[in-house]
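Below are the chains, spelled out letter by letter.
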Amino acid sequence: MATTQEEITRTSDEESTEPSLTAPPQPGRPSGDPGAGLLPRYELETLALHAGAIADPTTGAMLTPIYQTTTYRQEAVGRDKGFTYSRSGNPTVSALERRLAALEGAEFCTCYATGLAATTALCLALLRSGDRVVCSQAVYGGTVRLFREVLARFGVEAEFVDTASELALADSLAKPTRFVFIETPANPTLKLTDIYLAARLAHRAEALLVVDNTLLTPALQRPFELGADIVLHSTTKFIEGHNATVGGALITRDAELQEQLAFARNAIGAIQSPFPAWLTLQGVKTLPLRMARHSENALHLARFLMAHERVTKVVYPGLESFPQFELMQRQQSAGGALIAFEVKGGVEAGIRLMNSVRLCALAENLGASETIITHPASMTHADVPRSQREAAGITDGLVRLSVGLENPSDLIGDLVQALKS
Ligand SMILES: Cc1ncc(COP(=O)(O)O)c(C=O)c1O
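Residues numbered from 1 in each chain as written. Predicted model: local features only at pLDDT ≥ 70, side-chain atom pairs only at ≥ 80, totals over all residues. Heavy atoms only, no water.

(A) Looking closely at the layout of surface pockets. As a volume, the largest pocket reaches approximately 420 Å³. Forming the boundary of the largest pocket are 27 residues, of which L116, Y140, G142, S234 and K237 lie nearest the centre. It is helix α5 (residues 141-150) that provides the largest number of residues to the lining of the largest pocket, a total of four residues. Grouping the amino acids of the lining of the largest pocket by side-chain chemistry returns eight nonpolar, 12 polar and seven charged. (1 Å grid on protein atoms, 1.4 Å probe; cavity = no way out; pocket = protein on both sides within 12 Å on 5 of 7 lines; lining within 4 Å. Points joined across faces, edges and corners; volume = space filled by probe spheres on them. Helix = DSSP H or I, 4+ residues; strand = E, 2+ residues; numbered from the N terminus. Nonpolar A, V, L, I, M, F, W, Y, C, P; charged D, E, K, R; others polar.)

Next up, the structure:
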């Protein structure tokens, strides 16, 4: 049965009529190779369009087909073409996996039904009762809920620490730790963790480093080049980018880790379905372009908010006033799409603003082409205990803006009228 990326991708390639750009990443290739297969290093824009694609072997249709099938005919007992049952692998999903691995500069990827399904599979693959995890204090609320309310019942301990602080992270690693889970920038405070430093500290303590790269994507941040062992994505966000699917991915350069992840995914039945995988293959084609424009628009809006008399605080990593601006320049290639801010009049004024926008959508998501405004305390982070929210700086008045691809002057117009409310 095909459970590893190698087996899955080998078969797809045998069926492929495409040349080597679409060849599977080769296990054991030197790290740093963007995973484009047997050939030259292609740039990110090229990989986003081509890596992993398989033209339809019978018609030549350019787009990877949606292999909407549960099962696969076998040639003889014990002889299959690498796919046996779509819970363990599916050619459309494999094409997406090859593309995401290539974009992150890694060899292996497994895709999941949601981002949280990916986090769950990660934990079930790597943890056992009595194990301990160190996690950034400010992370997506669903990640906190999974550790606190589900995995704790199975004897897994998660310690939430300020991973931006070298001292706090080093201290927390004094006890045996299976992995460090960081989100940088953190959702929604946008506090950064130094990935290179976190990797060194984690590895010194014999722990793995897992980086949730959802907020920046490989277009703006390259965790493997800084020492990460596993990269996680909610592909629901910028990777797919169009508010059309939910999905997740775990990417690694380590064949053994990949095997463990693929085993867990099959065992718990968390794989992505072919249609969302196909939509994600289309969405990700424009990822580098979108991330550049998201960042440009966000910088524009952050500067506008900074100058507005009713705005009391603006956090945006691309602003020179951002407290970790130097780290941002070292670790990211742009500021990203997210802005956190507070307005005069506290929580009530913030809520009035969010209820008054017309073009921005008041919604729970981020990372879409459309601009989304969110109240983390009552929406995305409502399940995080107040004490942890306060310690992480997620105040009740904090407004999160995921800046989209609209013309920024239209977005500013919308915020101007909403800030008058
Ligand atoms: C940074 C981050 N990681 C993971 C997730 C979970 O992803 P999903 O909603 O696809 O399950 C989210 C969701 O908002 C997120 O923002």
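(B) Quick look at the sheet that holds strand β9 (residues 338-343). The mixed open sheet is built from five strands, whose spatial order is β8-β9-β12-β11-β10. Edge positions in the open sheet fall to β8 (311-315) and β10 (361-362), since each of these has one partner strand only. With respect to the sheet, helix α13 (residues 346-356) is in contact with β9, β10, β11 (372-374) and β12 (399-402), its orientation differing from that of β9 by roughly 125°. (Pairing = 2+ DSSP bridges. Contact = heavy atoms within 4.5 Å. Axes fitted to C-alpha atoms, helices over the stretch in contact; angles between N-to-C directions.)

(C) Focus on the sheet that holds strand β6 (residues 230-234). Across the sheet, which stays open at both edges, the seven strands sit in the order β1-β7-β6-β5-β4-β2-β3 with mixed pairing between neighbours. The open sheet has two free edges, formed respectively by β1 (108-112) and β3 (157-161), since each of these has just one partner strand. Here the average twist between neighbouring strands, direction ignored, is 20°. Two strands pair when backbone bridges link them, and strand β2 (residues 132-136) and strand β4 (residues 179-183) are joined in this way by three bridges, in the parallel orientation. The residue of β4 that forms the bridge with V133 is F179. The strands touched by α5 within the sheet are β2, β3 and β4, with β3 carrying the most contacts at an inclination of about 140°. Against the sheet, helix α7 (residues 195-204) contacts β4 and β5 (208-212), and its axis sits at roughly 150° relative to β5.

(D) Broad picture of the nonpolar core. Ranked by size, the top nonpolar core spans 59 residues in total, and within it L100, V180 and L209 carry the most contacts. Of the residues forming this core, the biggest block, seven residues, is contributed by helix α3 (residues 91-104). Core analysis: the next-biggest nonpolar cluster, separate from the first, contains 31 residues, L126, F147, L151 and I230 among them. (Core = buried A, V, L, I, M, F, W, Y, C linked by side-chain atoms within 4.5 Å. Buried < 20%, exposed > 50% of the residue type's maximum accessible area, 1.4 Å probe, protein only.)

(E) Up close: the pattern of salt bridges. Taken as a whole, this structure holds 14 salt bridges when the rule is applied. Of the charged contacts in the structure, one is a salt bridge between E159 and R132, with a shortest N-O distance of 2.3 Å. Placement of the pair is E159 in strand β3 and R132 in strand β2, with a sequence separation of 27 residues. A relative accessible area of 26% places E159 in the partly exposed class. The partner of R330 in a salt bridge is E326, and the shortest N-O contact between them spans 3.0 Å. With R330 and E326 both in helix α12 (residues 325-331) and four residues apart, the pair spans about one turn of that helix. On the basis of relative accessibility, which here comes to 52%, the residue R330 falls in the exposed class. In the salt-bridge network here, residues are joined through shared partners; they are R386, R389, E390 and D396. (Salt bridge = Lys/Arg side-chain N within 4 Å of Asp/Glu carboxyl O.)

(F) Region of interest: the packing of helix α4 (residues 115-126) against helix α9 (residues 255-268). At a minimum axis separation of 8 Å, α4 and α9 run at an interaxial angle of 115°. On the basis of the axis angle, α4 is roughly perpendicular to α9. For the element pair α4 and α9, the recorded crossing hand is right-handed. The residues of α9 that touch α4, namely those facing T120, A121, L122, L124, A125 and L126, are L257, Q260, L261, A264 and I268. Of the residues that constitute the contact of α4 with α9, the class distribution is nine nonpolar, two polar and no charged. (Parallel < 35°, antiparallel > 145°, perpendicular 65-115°, else oblique. Left-handed = near helix turned anticlockwise from the far one by under 90°.)

Read these as spatial facts, not as claims about activity.
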